[in-house]
Structures are given as structure tokens and as C-alpha cells.
Amino acid sequence: MIEKVFRDEWGRVLASLIGYFGDFDLAEDAAAEAFAIAAQRWPSDGVPDSPVAWLVTTARRRAIDRLRRDRVLAAKLRLLAAEPDTAEPDTRDSMDTTAIPDERLELIFMCCHPALAVEAQVALTLRAVGGLSTEEIARAFLVPPETMKRRLTRAKAKIKVAGIPFSVPSDPRLPERLGAVLAVVYLIFNEGYGDPDRPGLAAEAIRLGRVLAVLLPAQPEVLGLLALMLLHDSRRDARFDGQDLVLLPDQDRSRWDWRQIAEGRALLDRALLDRALLDRALLDRALLDRALLDRALDDARAASGPYVIQAAIASLQAEEQLDWPQIAVLYGQLADRTGSPVVRLNRAVAVAEAEGPAAALAIVDQLDLPDYQYWHSTRAELLRRLGRRAESRAAYQRALDLARTGPERRFLQRRIAEI
Amino acid sequence: MQYALLIYSRPGATEALGDDEQEAVHRQYLELRELPGMLGGAALHPVETATTVRVLDDAVLITDGPFADTKEIFAGFYLVEADDLDQATEIAARIPAARLGGSVEIRPVVTGP
């Protein structure tokens, strides 16, 4: 119970303290101290009604105590006079949580500021918002703890010296800055999703996605990303057979997490409806006319951002009978939106199912991704279906040379042996 | 906070523009100097006029220009007072060189003791 509170509330408490003190290191030390005191006292005294308010109040008072002893710093912080002297509140004190504003969004935008290197953004977000320890993050990213510690220290120093703000960007800058935040969360998800030994990262990314969906409920892309992660993650148990990779068509659907799929689809509907129903007059007519509503939803999908489109694809992929033509259309929209050759490659996979391997190979051969494992493996599969076995084997071999994880390598070796 | 906005421009970028556009660019540089929080700055003559100095064992070595051929050359700077990096970025983004193939480097200034 206490551990769960710690994990869930670390970001909230830290954010509030950074907002209060205006200093990352000071806030982090104060938060750590308050959580340590809670770990000592809560088991005997009970968990307070409002853990966040208790932790924030305790952290503030302890930090101010410490600052008072450091007179140079104390002189700089005029706010010290206002706080009462008691060391920490009684756990039975009732405290008003509404007095502690939720400043996690400010914290997230600070951690995912594009002036920081992406790897620093990722580490900082997991540490500050997710409440993971430096050692846990180091283990998840397969680097020595010392390296991760240096990375975090450097990032915090840059925040301070360069004046990276603890604030939510103003409206005109919000879309691009939100894009950076979502990219960090999705990167964390993919690190965990691609590797059966690191499932914790995918769960962590979903947790961050949930926080964002609470804080920015009107942003379709936020809902879209959470839906996308839930839909992909619902297949985690079926994606591996032991250490071996199982492709989507061969997966045991009974091992999919259907509650999570339903949740992802509900979020996707919300993201699309928000956009479709912007037009109030249309809404009134659409309620009487189902076809009109469907058309409005189609239009909304066509106007959607990349995460909503990807979530829509993932939702279609959970159907018993895959609607490959529709999946190909969505990948086409996504490719137009992102200009990404990797997305065009995915479209080719859908085209292979909808129109056959020859049409798909024509698309694949127009792409130039010589260092991309899945370009080679997709070509290999299409060539195999077309009966061009020697070319297929060579392409699979090239993919194998580029494969990083054990499950992928074994999968490709099996394929080569089968041809 | 104080920031130096270091302007790196692509040689010939402004000259490639039409007369009207060149004038507009010039005007935009002057307008930036009127912004609240602007503390100072300078525009520099082209790199061909530069002289490089090094001291080796008390001997002063003087050479013509910087050696390296670079795509972007340091052309000048502004010194601004801004609340934070985002505000400094907004000013930097208005510097014409940034959209004319060059770039602006934002460096926090060391202040105090």
C-alpha cells in the first residue's frame, strides 16, 4: 500500500516542491526526505487522508529547516518566514489537497524540453515523473548506474543554468512541445515493448500516458497515444512463445488482454468524437442520422494526428477478420502525415494482404532503407511468397545481420531454414 | 536571466534576396534592438576582415582570418534579459539568420561573482 502511494505520488509531490522552491535538486532532496519519514511513520501511525498534502507539507518544512541552518541560502529565499516551525504534520491532521495544485504538467514539460538531449529527457521523465530510482532506470536502459547518474546530473544542471522553465508552453507553442512529450513517452514504451526482458518500461509508459490523459483530457493525440499503447500492450503475453517472437496472425487471441483492448478502443472513440463533434450543428443532425455520424468519424480520422491513426490501426488489428484494405488506407494517411519511409513499409505489408505480394513489393522496392532490418525482412517475405527463393534467402540473411534481440534473430533463422 | 544570442549566418544568404527583402531583413535586425530586455549586441564585419591571434612562448602569432572553411560564420550577437529559455528562444526565432539557412546559439551568461 505505502509503496504504491510512493510510486503514484512521487511526481505530484516533486512537482509541487519544484514549483514552490524553484530548484530541482532542493525539491528532490526534500521529497526524498519526506518519503523516508513517511516510510518510518505511516506503518504505525496510518496513512494520512491526503498523502500528497502530508508529503508536500513535511518536505517543505524539513527543507526550510535545513535552509534556515544555511544562512546564505536562507537570505535568498524570502518565503521562509511564512512557514510554521513544526517538523511534520500529524498523520491524522486533515489537510486540504486542493491547496496543493497539481503541477505535474509543468514538470513533464520541463523534463521533456527539447533543449535537453532525448536520452536525458527520457531518464529525467522516468526519474522525476515516474518515480523510478536512478538504478532502476540504468538497469532498464542497460547502462552502468554511474553513467545514468551523470546523465541525470548533467540534465538537471542544464535546466538550472540555461533557465529551462517549469511551465506549460503557451498556446501557439503547445502542439510542437506536446509532440516532444508524447515522443518521449512512446520511446519509453517501445524500449519495453520490443524486449520481453524489460516489460516494466511499457507499463511505466502507460502509467505516464494515463497521467497525461488526466491532465490534458481534451488533446486527441494524448488519448490516441494512450489508446495505442494499451492496444499494443494487450498482446504482450501472446507476442512471445517463451523467448520466441510470434507474429500477429499466429497469436493466440485468447491470451490478449481484452479489458485493455476495450479501454484502448473507448479512448480512441473519445479522441475521434471530440474532433467529429466540434461542429455542434453536425452533432444535432448526426444523432438522427447514423450514416452522417459515421462520415463525420471518418473525416475526423482523416484529420487526426499520427497517434490517433496508429491507435485506429491497432484497433483494427484486434479484429478477428482483419480489414486489410482499410488498414492500408490508414497507413497511407499516416505516411502522408509523417512522410516516414518506415510507415510506407508498414503500408506495403497491408497492401500485400489486400492486393497480393507483387503490388506490395513494388512499394517496398521504391523505399531506400538499407540499414533497416524490417525493410529486408519484409522484402524477404514478399519475395518468398512470389517464389523467388534465392533472393528471399539473401534478404532474410541481411535482416539477420541487422537484428538486435535474441527472439528476432531466432525468428529469422527459422525463416531462412524453412525456405 | 541573461542570454547571449550568437548569430551564425550562411554566407551570401542575405545577398541572394531581392532588394525589398534585404531591406526587410535589415529592418528586422534593427527592430530586435528595440525589444524590451535587449541589453546590447553587435553586428560584425565579414569574416574576410578577421584576424586571428595566438600567443606561443610570448610570441604573438597573427594570421589572416580563421582557417576553417565553415558553412556558417559568426556574424554578431545580441545580449538579452529574459525570464527563461523559452522567452529567449522566442527572441532568437525572430533573428532573420535563423530562417535564412543559418542558426542562433543561445548561451546563458555568467552573472554575479
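Reading the values: the criteria
Residue numbers run consecutively from 1 along every chain, following the written order of its sequence. Chains and ligands are labelled sequentially in the order written, the chains with letters from A and the ligands with numbers from 1. Local features in this predicted model are restricted to residues whose pLDDT is 70 or higher, and side-chain atom pairs enter the listing and the counts only when it is 80 or higher, whereas totals over whole chains, interfaces and linings include all residues. Two strands qualify as a pair provided that DSSP identifies no fewer than 2 bridges between them. Numbering of helices and strands runs from the N terminus, with a helix taken as a DSSP run of H or I at least four residues long and a strand as a DSSP run of E at least two residues long. Every axis in this analysis is a line fitted to C-alpha atoms, fitted for helices over the stretch in contact. Angles between the N-to-C directions lie between 0 and 180 degrees. Our angle categories are set so that under 35 degrees counts as roughly parallel, over 145 as roughly antiparallel, 65 to 115 as roughly perpendicular, and the remainder as oblique. Crossings are assigned a handedness: left-handed for a near helix turned anticlockwise from the far helix by less than a right angle, right-handed for a clockwise turn. Placing a C-beta atom from the backbone of each residue, one calls two residues in contact when those atoms lie within 7 Å. Gly is placed with the polar residues, together with every amino acid not listed as nonpolar (Ala, Val, Leu, Ile, Met, Phe, Trp, Tyr, Cys and Pro) or charged (Asp, Glu, Lys and Arg). Put plainly, a residue is buried at 20 or more neighbouring C-beta atoms within 10 Å of its own, exposed at 12 or fewer, and partly exposed in between, counting only other residues' C-beta atoms, which are placed from the backbone. Connectivity within a nonpolar core runs through C-beta atoms within 7 Å, and the core itself is a set of buried Ala, Val, Leu, Ile, Met, Phe, Trp, Tyr and Cys residues. Reported domain spans reflect what an automatic or database domain assignment gives. Helices are assigned an expected span. That span is 1.5 Å times one less than the residue count. Relevant arc is that of directions from the helix axis to the C-beta atoms, nothing else.

Time to look at the sheet that holds strand E1 (residues 2-9) of chain B. Residues and elements named next belong to chain B. Strands sit in the order E2-E5-E1-E6 across an open sheet of four strands; the sheet is antiparallel. A single partner strand is all that each edge strand has here, and the edge strands are strand E2 (38-43) and strand E6 (103-108). Strand-to-strand, the axes of this sheet are offset by a mean angle of 20 degrees, without reference to chain direction.

Residue and element names in this part refer to chain A. Taken N-terminus to C-terminus, the directions of helix H20 (residues 373-385) and helix H21 (residues 389-402) make an angle of 160 degrees; their axes are 8 Å apart at the nearest point. When the axes of H20 and H21 are compared, the pair comes out roughly antiparallel. Two packed elements cross with a definite hand, and for H20 against H21 that hand is left-handed. For the pair formed by H20 and H21, the contact residues are Gln373, His376, Ser377, Arg379, Ala380, Leu383 and Arg384 on the first element and Arg389, Glu391, Ser392, Ala395, Tyr396, Arg398, Ala399 and Leu402 on the second. Residues of the contact of H20 with H21, tallied by class, amount to six nonpolar, four polar and five charged.

Positive phi values are uncommon outside glycine, yet A:Leu142 reaches one of about 55 degrees. By C-beta crowding, A:Leu142 is classed as exposed, having 10 other C-beta atoms within 10 Å.

Moving on, we get to the interface of chain B and chain A. Across the boundary between the two partners, chain B contributes five residues, which contact seven residues of chain A. The residue inventory of the side of chain B that touches chain A, partitioned by class, reads three nonpolar, no polar and two charged.

Another point: the nonpolar core. Ranked by size, the top nonpolar core spans 121 residues in total, and within it A:Leu14, A:Leu17, A:Ala31, A:Leu107, A:Val185 and A:Ala227 carry the most contacts. Aside from chain neighbours lying at most four places away, what touches A:Leu14 is A:Ala27, A:Glu28, A:Ala31, A:Leu107 and A:Ala128.

Residue and element names in this part refer to chain A. Locating isoleucine 327 in the fold gives a position in helix H17 (residues 324-338). According to the C-beta neighbour criterion, isoleucine 327 is buried, with 23 such atoms within 10 Å. Put simply, isoleucine 327 and asparagine 346 are 19 residues apart on the chain and 9.6 Å apart in space, counted from C-alpha to C-alpha. In this structure isoleucine 327 touches Ile313, Leu316, Leu322 and Ala350, once residues within four positions along its chain are discounted.

This part is about the pairing of strand E5 (residues 73-81) of chain B. Note: E1(B) against E5(B), eight bridges, orientation antiparallel. Bridge assignment links B:Tyr8 to a residue of E5(B), and that residue is B:Phe74.

Residue and element names in this part refer to chain A. Among the secondary structure elements, aspartate 102 is positioned in the loop between helix H4 (71-76) and helix H5 (104-111). Among the residues examined, aspartate 102 registers 18 C-beta atoms within 10 Å and is labelled partly exposed. With 87 residues separating them along the chain, aspartate 102 and alanine 15 place their C-alpha atoms 7.6 Å apart.

Attention now moves to the domain arrangement of chain A. All names here are of chain A. We note that the domain assignment places domain 1 (2-96), domain 2 (106-328), domain 3 (329-368) and domain 4 (369-419) within chain A. At the level of elements, helix H1 (2-21) and helix H2 (24-45) are the ones that each hand at least two residues to the side of domain 1 that touches domain 2. Ranked by residues supplied to the side of domain 1 that touches domain 2, first place goes to H1 with eight residues. A class-by-class count of the residues in the side of domain 1 that touches domain 2 yields six nonpolar, two polar and two charged.

Turning next to helix H8 (residues 145-162) of chain A. Residue and element names in this part refer to chain A. Taking 1.5 Å of rise per residue, 18 residues should cover 26 Å, and H8 covers 25 Å from first to last C-alpha, within 8% of that figure. Every buried residue belonging to H8 is among Met148, Arg151, Leu152, Ala155, Lys156 and Ile159, and all of these are buried. Along H8, the residues classed as buried sweep out an arc of 125 degrees about the axis, all on the same side. Away from its buried face by more than 90 degrees, H8 exposes Glu146, Thr147, Arg150, Thr153 and Ala157. Residues of H8 that are buried in the fold lie against H2, H5, helix H6 (118-129) and helix H7 (134-140). Backbone geometry just downstream of H8 places glycine 163 in the positive-phi region, at approximately 70 degrees.

Attention now goes to the packing of H2(A) against helix H3 (residues 51-69) of chain A. All names here are of chain A. Where H2 meets H3, the axes come as close as 8 Å, and the angle between the chain directions of the two elements is 120 degrees. Crossing geometry of H2 relative to H3 is assigned as right-handed. Contacts between H2 and H3 involve Leu26, Ala30, Ala31, Glu33, Ala34, Phe35, Ile37 and Ala38 on the former and, on the latter, Leu55, Thr58, Ala59, Arg60, Arg62 and Ala63. Split into classes, the residues belonging to the contact of H2 with H3 amount to 10 nonpolar, one polar and three charged.

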